Amino acid sequence: MEVHEVTLPVTGTREGAASARRQMMNEVRGWHCGFGNDELQSAEAVTGELLANAVQHTSGRGTSVTARLEGGWLRVEVRDQSAALPHERLTHADAEDGRGLLIIAALADRYGVERNASGKSCWAEFDLTASPFHASRTSSHQPPLRRS
């Protein structure tokens, strides 16, 4: 399978995050690599959550999103300049936010966060060779996210 990669800058607004998500998914769809609709929808939802978290919890400076397809795996990665790591939190049933990490954990095959010299990178990976109902959703970074 051919390697594909695209990186886009993200402005620090909700509109900028939504625009980057749409652009990213248009690029991925353009790769014509046999993605199923379920995989594309999961990747788009996770990309949206990663971007929304970056915009909501950082200043938005230096934020970018990358998608890379290699060896049957699609990796979506959002980099920002904040050193603060995402963490799960208790959310009230009527709250409009606070479920992003749960969505990412449910839809991605692997996910995690890594600190780097300029901030952090939050990522999720999708095994495009597995069944769309792949039973083992795991993180390869232990622990991937802090619990509060």
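Structure: see above.
Quick look at the structure, then. What you are looking at is a predicted structure, and each value in this text was computed from that prediction instead of being measured. (Residues numbered from 1 in each chain as written. Predicted model: local features only at pLDDT ≥ 70, side-chain atom pairs only at ≥ 80, totals over all residues. Heavy atoms only, no water.)

## Points about the environment of Asn-26
Part 1 of the argument: Checked against the element boundaries, Asn-26 lands in helix H1 (residues 14-30).
Part 2 of the argument: The exposed category is assigned to Asn-26, whose relative accessible area is 54%.
Part 3 of the argument: In this structure, the C-alpha to C-alpha distance between Asn-26 and Glu-44, residues 18 residues apart in sequence, is 10.0 Å. (Helix = DSSP H or I, 4+ residues; strand = E, 2+ residues; numbered from the N terminus. Buried < 20%, exposed > 50% of the residue type's maximum accessible area, 1.4 Å probe, protein only.)

## Quick word on the packing of H1 against helix H2 (residues 37-57)
Part 1 of the argument: Contact pair H1 / H2: the axes reach a minimum separation of 9 Å and the direction vectors enclose 150°. Compared by their axis directions, H1 and H2 come out roughly antiparallel. The two elements H1 and H2 cross, and the hand of that crossing is right-handed. Of the residues in H2, those in contact with Arg-14, Ala-17, Ala-20, Arg-21, Met-25, Val-28 and Arg-29 of H1 are Leu-40, Ala-43, Glu-44, Thr-47, Gly-48, Leu-51 and Val-55.
Part 2 of the argument: Looking at side-chain class alone, the contact of H1 with H2 contains 8 nonpolar, 2 polar and 4 charged residues. (Axes fitted to C-alpha atoms, helices over the stretch in contact; angles between N-to-C directions. Parallel < 35°, antiparallel > 145°, perpendicular 65-115°, else oblique. Left-handed = near helix turned anticlockwise from the far one by under 90°. Contact = heavy atoms within 4.5 Å. Nonpolar A, V, L, I, M, F, W, Y, C, P; charged D, E, K, R; others polar.)

## What to know about unusual backbone geometry
Part 1 of the argument: Even without glycine at this site, His-32 takes up a positive phi of about 45°.
Part 2 of the argument: Mapping His-32 onto the fold places it in the loop between H1 and H2.
Part 3 of the argument: On the accessibility criterion, His-32 (69% relative accessible area) is exposed.

## Digging into the pattern of salt bridges
Part 1 of the argument: The tally for this structure, following the rule as stated, stands at 9 salt bridges.
Part 2 of the argument: With its nearest N and O atoms 2.6 Å apart, the salt bridge here joins Arg-21 to Glu-44. With Arg-21 in helix H1 and Glu-44 in helix H2, this residue pair connects regions lying 23 residues apart in the sequence.
Part 3 of the argument: We note a salt bridge from Glu-44 to Arg-29, for which the minimum N-O separation is 3.0 Å. Note that Glu-44 is positioned in helix H2 and Arg-29 in helix H1, a separation of 15 residues in sequence.
Part 4 of the argument: Residue classification places Arg-29 among the partly exposed positions, given a relative accessible area of 34%.
Part 5 of the argument: One connected set of salt bridges, linked through shared partners, spans Arg-75, Glu-77, Arg-79, Arg-110 and Glu-125. (Salt bridge = Lys/Arg side-chain N within 4 Å of Asp/Glu carboxyl O.)

## Some thoughts on the packing of aromatic side chains
Two aromatic rings are characterised by how far apart their centres lie and by the angle between their planes.
Part 1 of the argument: Tallying each qualifying case throughout the model produces 0 aromatic pairs.
Part 2 of the argument: The ring of Trp-73 has Arg-110 sitting right over it, with the charged end atom 3.8 Å from the ring centre. (Phe/Tyr/Trp six-rings, centres within 6.5 Å; stacked < 30°, edge-to-face > 60°. Lys NZ or Arg CZ within 6 Å of the ring centre and 35° of its normal.)

## Re the packing of H2 against helix H3 (residues 100-107)
Part 1 of the argument: It is at 9 Å that the axes of H2 and H3 come closest, and there the two elements cross at 150°. With respect to H3, the element H2 is oriented roughly antiparallel. You can see that H2 and H3 cross each other, and the crossing is left-handed. Facing Ser-42, Ala-45, Val-46, Glu-49, Leu-50 and Asn-53 of H2, the residues of H3 in contact are Gly-100, Leu-101, Ile-103, Ile-104 and Leu-107.
Part 2 of the argument: The class makeup of the residues in the contact of H2 with H3 is 7 nonpolar, 3 polar and 1 charged.

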